[in-house]
Amino acid sequence: METIYIQEVVTRDGLQMEDQFVPTEEKIDLINRLSAAGVDKIEATSFVSPKAIPNLRDAEDVMLGIDRKPDITYTALIPNVKGAERAAACKVDEVNLVVSASESHNQKNVRKSVDESFSGFTDITRFLAGTGIRINGSLATSFGCPFEGTIAENRVLGLIDKYLELGADGITLADTTGMATPKQVFQLCGKVLDHWPDLPLTLHFHNTRGMGLANVVEGIRAGVTRFDASLGGLGGCPFAPGATGNICTEDLVHMLIFMGYHVKTDFDQLIATAKHLETILGHDVPGQVIKAGKITDLHPV
């Protein structure tokens, strides 16, 4: 039975988009619940400027306050050397670097060219050398840009190569605005894994146009086994018009279980945590399974 690895991003990618600031103790409790549910990786927070992302201004308190389990990777997004210093002080397992495959989106997102972003990454990798902290390189807009449209496959392959030259341990291809199609996912992931068969490759899908889980299926068919997802389907991109949330973790796990894949995650605990998330936020979340129930939940005639 093939194992699929679930990588949770709600407390970074999800909560950064909320209108309200979720209290630090609630974030810590949410991460602890996700750890107890047995996801494989948690992107706990982001060490960015509090002015840029005020909802994550408590990054240190969150990272130092959680109960860490040895079989779970706790990662954080960082934008620069200062972020790397803060992450290292909190002893994260991994840092996540992000650059866009699209020049236009990168300018919107971080006000830098792609080359300027990679120049900054060189300083980060130099600082982290010898710390034991792993580096994941994410490529936003890998499957399409809302400003430029189609992104050439060779462009994506070339940027992956730049990350690997810097010493990245893994790569994430992100569909930042939900422009990917299943056929495109299968073709691009197949080419990436043909070039680097042993590359730890993650896919990060948004469900903007309702194709997120279909894209997962084609990613698996191409050989990918790691997927980012957000509890309740929260999230989005603040610098992309019309971008809605990530694929929903509990919906993803539900699909994988009933397709016969092995996931370490305790599904019932995950459902309970998603319902708790609604309580924290005070509003419904986009996830479907917590509304409809499992496909095995039968009803009296």
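In this convention, every chain numbers its residues from 1, walking through the sequence in written order. Residue-level local features of this predicted model are given only where pLDDT is at least 70; pairs of side-chain atoms are given and counted only at 80 or more, and the full residue set underlies all totals for whole chains, interfaces and linings. Side-chain metrics rest on all non-hydrogen atoms present in the structure, leaving aside hydrogens and water.

Undergrad: Now, about the overall build of the chain: what can you tell me, with residues and values included?
TA: A run of H or I in DSSP counts as a helix once it spans at least four residues, and a run of E counts as a strand once it spans at least two, with each numbered from the N terminus. A count of helices and strands for the chain gives 12 helices and eight strands. Taken over the C-alpha atoms alone, the chain extends approximately 65 × 40 × 35 Å along its principal axes. Each residue is placed in one exposure class: buried if its accessible area under a 1.4 Å probe, protein chains only, is under 20% of its type's maximum, exposed if it is over 50%, and partly exposed if it falls in between. With 301 residues in all, the chain has 55% of them scored as buried. Pairs at least 24 apart in sequence give 75% of the contacts found in the chain among residues at least 6 apart. By element, 51% of the accessible surface of the chain is carried by carbon and sulfur atoms, the whole surface being about 12700 Å². His is not counted here, nor are the chain ends, while Lys and Arg score as positive and Asp and Glu score as negative. Throughout, a charge is located at the NZ atom of Lys, the CZ atom of Arg, the CG atom of Asp or the CD atom of Glu. Here the chain contributes 27 positive and 39 negative side-chain charges, whose respective centroids are spaced 3 Å apart. Every residue pair with non-hydrogen atoms within 4.5 Å of one another is taken to be in contact. Computed with a 1.4 Å probe, the accessible areas rest on the Shrake-Rupley method; for each residue, only the protein chains presented here act as cover.

Undergrad: Can you explain the environment of glycine 178? Please cite residues and give values.
TA: Take glycine 178: it is sitting in the loop between β6 (170–175) and α8 (182–195). For glycine 178, a relative accessible area of 2% corresponds to the buried category. Along the backbone, glycine 178 and threonine 24 are 154 residues apart, and their C-alpha atoms lie at a distance of 30 Å. In contact with glycine 178, not counting residues within four places along its chain, are His206, Thr208 and Arg209.

Undergrad: Give me the packing of aromatic side chains: which residues, what numbers.
TA: Ring pairs shown here join Phe, Tyr and Trp side chains whose ring centres sit within 6.5 Å, with only the six-membered ring taken for Trp; geometry is labelled stacked below 30 degrees between planes, edge-to-face above 60, and tilted in between. Summed over the entire model, instances satisfying the criterion amount to four aromatic pairs. Chaining the aromatic ring pairs together yields one cluster made of Phe118, Phe121 and Tyr163. Here the basic side chain of arginine 221 rests over the ring of phenylalanine 186, its NZ or CZ set 3.8 Å away from the ring centre. Think of it as a cone above the ring: NZ of Lys or CZ of Arg counts as a charge over the ring if it is within 6 Å of the ring centre and within 35 degrees of the ring normal. Note that arginine 226 overlies the ring of tyrosine 5, its terminal NZ or CZ placed 5.5 Å from the centroid.

Undergrad: Kindly report on the sheet that holds strand β3 (residues 73–77), identifying the contributing residues and their values.
TA: Paired strands, as defined in this entry, are two strands with at least two bridges between them according to DSSP. Taken together, the eight strands give a closed barrel; going around it, the order is β1-β2-β3-β4-β5-β6-β7-β8, and neighbouring strands pair in parallel fashion. Neighbour-to-neighbour, the strand axes of the sheet open up by a mean angle of 25°, direction not taken into account. Where strand β5 (residues 134–140) and β6 come together, four bridges link them in parallel fashion. Counted as the bridge partner of serine 138 is threonine 172 from β6. Here helix α9 (residues 212–222) sits on the sheet in contact with β6, β7 (201–205) and β8 (226–229), set at roughly 165° to β7. Interaxial angles span 0 to 180 degrees and are taken between N-to-C directions of axes, which are lines fitted to C-alpha atoms, for helices over the stretch in contact.

Undergrad: Tell me about the packing of helix α2 (residues 24–37) against helix α11 (residues 267–281), and please be specific about residues and values.
TA: Where α2 contacts α11, the two axes come as close as 9 Å, and the packing angle between them is 165°. The angle between α2 and α11 falls in the class roughly antiparallel. Two packed elements cross with a definite hand, and for α2 against α11 that hand is left-handed. Facing Glu26, Asp29, Leu30, Arg33, Leu34, Ala36 and Ala37 of α2, the residues of α11 in contact are Gln269, Leu270, Thr273, His276, Leu277 and Ile280. In terms of residue class, the contact of α2 with α11 is made up of seven nonpolar, three polar and three charged. Geometric relationships in this document are graded by angle, where less than 35 degrees denotes roughly parallel, more than 145 denotes roughly antiparallel, 65 to 115 denotes roughly perpendicular, and other angles denote oblique. Two helices crossing with the near one rotated counterclockwise from the far one by less than a right angle form a left-handed crossing, whereas a clockwise rotation gives a right-handed crossing. In this classification, the charged set is Asp, Glu, Lys and Arg, the nonpolar set is Ala, Val, Leu, Ile, Met, Phe, Trp, Tyr, Cys and Pro, and all remaining amino acids, among them Gly, are polar.

Undergrad: So what's going on with the pattern of salt bridges? Which residues, and what values?
TA: One speaks of a salt bridge when a side-chain nitrogen belonging to Lys or Arg is within 4 Å of a carboxyl oxygen belonging to Asp or Glu. Evaluated as defined, the whole model comprises 15 salt bridges. Across the pair lysine 264 and aspartate 71 runs a salt bridge whose closest N-O atoms are separated by 3.6 Å. Of this pair, lysine 264 sits in the loop between α10 (249–258) and α11 while aspartate 71 sits in the loop between α3 (59–65) and β3, and the two are 193 residues apart along the sequence. The residue lysine 191 makes a salt bridge to glutamate 153 at a minimum N-O spacing of 2.5 Å.

Undergrad: Lay out unusual backbone geometry with the relevant residues and their values.
TA: A positive phi angle is found at lysine 91, which is not glycine, with a value near 60°. Its relative accessible area of 61% is what places lysine 91 among the exposed residues.

Undergrad: With reference to specific residues and values, describe the layout of surface pockets.
TA: Points on a 1 Å grid over protein atoms alone make up a cavity when a 1.4 Å probe fits among them but cannot get out, and a pocket when they form an open set with protein on both sides within 12 Å along at least five of seven lines; lining residues each have an atom within 4 Å of a point. Grid points are joined across faces, edges and corners, and a volume is the space filled by probe spheres set on the points. Considering only enclosed or pocket space, the second largest pocket measures out at about 250 Å³ in volume. Lining the second largest pocket are 14 residues, with Gln7, Lys41, Glu94, Pro200 and Arg226 sitting closest to its centre. Among the elements of the structure, β1 (5–8) and β5 are those that each provide at least two residues to the lining of the second largest pocket. Class assignment for the residues of the lining of the second largest pocket results in three nonpolar, five polar and six charged.

Undergrad: Lay out the pairing of strand β2 (residues 41–46) with the relevant residues and their values.
TA: It is a general feature of regular strands that their side chains alternate between the two faces of the sheet. Of all the six residues making up β2, six are buried; the element is thus mostly covered by neighbouring parts of the structure. As judged from the two bridges shared by β1 and β2, these two strands associate in the parallel manner. Its bridge partner being in β2, glutamine 7 is matched across the sheet by lysine 41. In this sheet, β3 lies alongside β2 in parallel orientation, the contact comprising five bridges. Bridge pairing links serine 46 to leucine 77 in β3. Assessed by its sense of winding, the connection that carries the chain from β2 through α3 to β3 is right-handed. Handedness of a crossover: with both strands directed away from the viewer, a clockwise path from the first strand across the helix to the second marks it as right-handed.

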